[in-house]
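Structural description and commentary
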Amino acid sequence: MSADQGSGSGDDARGPGSAADAIRRYAPMVYGPTAIYSLGQGAILPLLPIISREFGADLATAALVTAMIVVGQLCGNLPAGWLVPRLGERYTMALASAVSLLGIAGMLLSRHLGVLMLSVFVIGLSAAAFALARHTFMTTRVPVAYRARALSLLGGSFRLGAFMGPFVSAALLAIFGREQASIWFFGACLVVVGLLVTFGPDPEEKAAAAAARAERTAQREEAVEPEDTGEAVTGSIPTSERLGIFGTIRRNRGVLSRLGVAAASLSFVRASRPAILPLWGLSIGLDSSTIALIVGIAGALEFALFYASGQVMDRFGRLWAAVPSLILMGGAMIALAFTHDVSAAEMWFGIFAVVIGVGNGLSSGILLTLGADVAPTQSPAAFLGAWRTITDAGGALSPLVVSGLTAVASLSVAAGGIGVIGLLGALAFIRWVPRYVPRR
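Given the structure is predicted, the values throughout are model-derived calculations rather than measurements. (Residues numbered from 1 in each chain as written. Predicted model: local features only at pLDDT ≥ 70, side-chain atom pairs only at ≥ 80, totals over all residues. Heavy atoms only, no water.)

**Considering the overall build of the protein chain**
To be explicit about the condition: Segments assigned H or I by DSSP are reported as helices when at least four residues long, segments assigned E as strands when at least two residues long, and all are numbered from the N terminus. Exposure is judged per residue with a 1.4 Å probe applied to protein chains only, and the accessible area is read against the type maximum: over 50% gives exposed, under 20% gives buried, and values in between give partly exposed. Throughout, a contact is declared for two residues whenever any of their heavy atoms are within 4.5 Å. For the accessible areas, the method is Shrake-Rupley and the probe is 1.4 Å, while residue cover comes only from the protein chains on display.
Scanning the protein chain from terminus to terminus reveals 18 helices and zero strands. In the protein chain, which comprises 440 residues, the proportion classed as buried is 53%. Nonlocal contacts in the protein chain, meaning residues at least 24 apart in sequence, comprise 86% of its contacts between residues at least 6 apart. Carbon and sulfur atoms make up 67% of the accessible area of the protein chain, which totals about 18,700 Å².

Dropping the structure here:
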């Protein structure tokens, strides 16, 4: 049975003492640091344009400062793919937290816009290493039978920060009256994360020990050498890259240039929402509070559906999450493009914003899961670094396309163009997922 059609029961991975049991037992250490890190980062993102303006930046430069997070992530994915197999997941996350603290110090102490920009870039670099380390761990440890649910929870941990962070920053602003309070909050989160991953129970070691015990038990019971199934469920995270970063990319260029580009289209459509929806609300005459309410409701639906996405992928296949998600988001964007000047434009804006939120919620964890599905067992970190670079590039390109189409044509044309890309992405998933997602 192919993984894009279903995954089976996976009972062989659920016995006592298995790696899966160890991961469930140490779930707070698996997901907790990610949630705390993303919460701190989510608290500073909405305030970066405001802080930039205090340094005298114009609107375009303020947007560039905010974008340095994404630029840092793009630049950090490949180096992180080299670093993770050498340091291990635990120490990479600890190092990323420490380097992020340097970025925090730069933000607090900087008196020049260039220093602020560099500090934000460093935080983006560290975020790439942090995310890749956890992604690699989940890829090599979680059995395929419920990989999507585990990675959807990981995606939900990242979304928690994006969803709750602005509320935290608003509360800190109300209490202290200064944007720097959110920077200090992020710094405190980084200290907590560093302490947790350095001194807390290491799920990597626990899962490896449990896997080794399960393998020894199976060998004693069967009295034969276990067959190599090709699945990285009980092996450890590789400590060296046999092919290196660019060798891994060359060997896997087919899947990266096909399925990777399809995944980038999903990231592209996702990243267009924060640009399209607020601008659309303003263009039809809504006030800021109404726009924030509508976008907030859509965001709440996205967050509420993150685990349902994993259930769908594990039970019915990867396509049943990716394709409906892109059809909903792409179709809603195209339909929205025709409602700008109708009498009920406000109502349609609310409806389609919710539909886009539902579509995005259904895709939670799909990029993480597909990357894990197609990652080679010998060099998963290097491959995932390249995979994440491609998908992050899709997200980084989206606001530029929205801005360009709006300037050249109109916001309606930009929304329609995003929708067309979403539908083309759905076709690409239908074409390439059955070919590249490994069979069980």
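The discussion continues.
**Considering the confidence of the model for the protein chain**
For clarity, the cut-off: pLDDT expresses, on a scale from 0 to 100, how confident the predictor is about each individual residue.
Chain-level statistics for the protein chain give a pLDDT mean of 83 and a share of 83% at 70 or above. Contacts for the low-pLDDT stretch residues 5–17, under 50 throughout, to residues beyond four places or in other chains number 29 contacts. Low confidence marks residues 223–241, where pLDDT is under 50. Its contacts with residues over four positions away, or in another chain, come to 43 contacts.

**Some points on the side chain of Glu-179**
Operational definition: When charges are tallied, Lys and Arg are placed among the positive residues and Asp and Glu among the negative ones, while His and the ends of the chain are skipped. Any Lys or Arg side-chain nitrogen found within 4 Å of a carboxyl oxygen on Asp or Glu counts as a salt bridge.
Secondary-structure assignment places Glu-179 in the loop between α7 (147–176) and α8 (180–199). Buried charge Glu-179 goes without a salt bridge, the closest partner of opposite sign being Arg-178 at 6.3 Å.

**With respect to the packing of helix α11 (residues 253–283) against helix α16 (residues 366–374)**
Put simply, the rule is: Each axis is a line fitted through C-alpha atoms, taken for helices only over the stretch in contact, and angles between the N-to-C directions span 0 to 180 degrees. When describing relative orientation, an angle under 35 degrees is termed roughly parallel and one over 145 degrees roughly antiparallel, while 65 to 115 degrees is termed roughly perpendicular and anything else oblique.
Two numbers describe how α11 lies on α16: the axes approach to 11 Å, and their chain directions differ by 170°. With respect to α16, the element α11 is oriented roughly antiparallel. In this structure, α11 uses Val-255, Leu-259, Ala-263, Leu-266, Ser-267 and Arg-270 to contact α16, whose residues at the interface are Ile-366, Leu-367 and Val-374.

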